[in-house]
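So the chains spell out like this:
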Amino acid sequence: MSVKRYSGSDFTDVSTCRRFNGADWVDLSVGRRYDGANWVDLWDNSSGDSGEVKTYVKTYSISSSANYWGSGSKDGQYPGLLIQGSHGNTLSTTRRAMMIFNCTQIAKDLNGAEILSVRLRLQRANTAHGKAGAASIYVKTHANSSLPATWKGADSGNADSGTPTISRGETKWISLNKSVAEKLCSGDIKGLALDSDSNYTTAAYIKFNKSATLLEITYKK
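None of the values given here were measured: they were computed from a predicted structure.

S.K.: A description of the side chain of Ser65 should follow, citing residues and the corresponding values.
M.R.: Secondary-structure assignment places Ser65 in strand E8 (residues 64-69). Of note is the side chain of Ser65, whose polar atom sits 3.2 Å from the side chain of Lys210. In contact with Ser65, not counting residues within four places along its chain, are Leu82, Met98, Met99, Leu147 and Lys210.

S.K.: Residue-level account of the packing of aromatic side chains, with values.
M.R.: One pass over the full model with this rule turns up two aromatic pairs. Taking 5.4 Å as the distance between ring centres and 20 degrees as the angle between the ring planes, the aromatic pair formed by Tyr56 and Tyr219 counts as stacked. With a gap of 163 residues between them, Tyr56 in strand E7 (residues 55-60) and Tyr219 in strand E19 (residues 214-220) connect regions that are remote in the sequence. Among the residues examined, Tyr56 registers a relative accessible area of 30% and is labelled partly exposed. Take Tyr219: its relative accessible area is 2%, and that puts it in the buried class. Looking at Lys207, its charged tip hangs above the ring of Tyr78, at a distance of 4.5 Å from the centre.

Criteria and cut-off values
Residues numbered from 1 in each chain as written. Predicted model: local features only at pLDDT ≥ 70, side-chain atom pairs only at ≥ 80, totals over all residues. Heavy atoms only, no water. Helix = DSSP H or I, 4+ residues; strand = E, 2+ residues; numbered from the N terminus. Polar contact = N/O pair within 3.5 Å; in protein donor to acceptor, adjacent residues only side chain to side chain. Contact = heavy atoms within 4.5 Å. Phe/Tyr/Trp six-rings, centres within 6.5 Å; stacked < 30°, edge-to-face > 60°. Buried < 20%, exposed > 50% of the residue type's maximum accessible area, 1.4 Å probe, protein only. Lys NZ or Arg CZ within 6 Å of the ring centre and 35° of its normal.

As structure tokens, then:
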């Protein structure tokens, strides 16, 4: 690699580049980059760092979760399930699910990244419950860093761009707003909730398999 200067009509090589260090003029090291550990020549790729922007897809399992009754108390009847909605069309028979994710790891992964997409994978239990056909899913966010003893409420508005539906035994990826990942990184939210609000009908009563639930974030950096 060489340094050139414009003479007014042509570019010619510069034989020597020097800088003043406060006491003397010394040779200037040109064309170097920091690979994270050392300064190397721009054309040196021995570290394996191409300098190219790459796209990553990371998935995150639930760190902790709980179901809550409409009254606010915890429901420990089905620890392997996430439950949303009512089986009896009343507030007292309504359940809500709260999920917490590892925000520290998410923030580390996304540091300096551009978020491309956020999705949530849900799998409806293949058992007789709620509506036999497709039922509506209500995904929200919350700011609880740990599972509260009683329901503390979810943020208003859905975390997705619509109200997706799911049938018994079906697995579905739900597209969420990119702001979900941004807020998980900033700490403004700590996780997601499945909460049908005031929809107490069996059309919104869904049991999800907890072990199949994944948060997926696609980003580049």
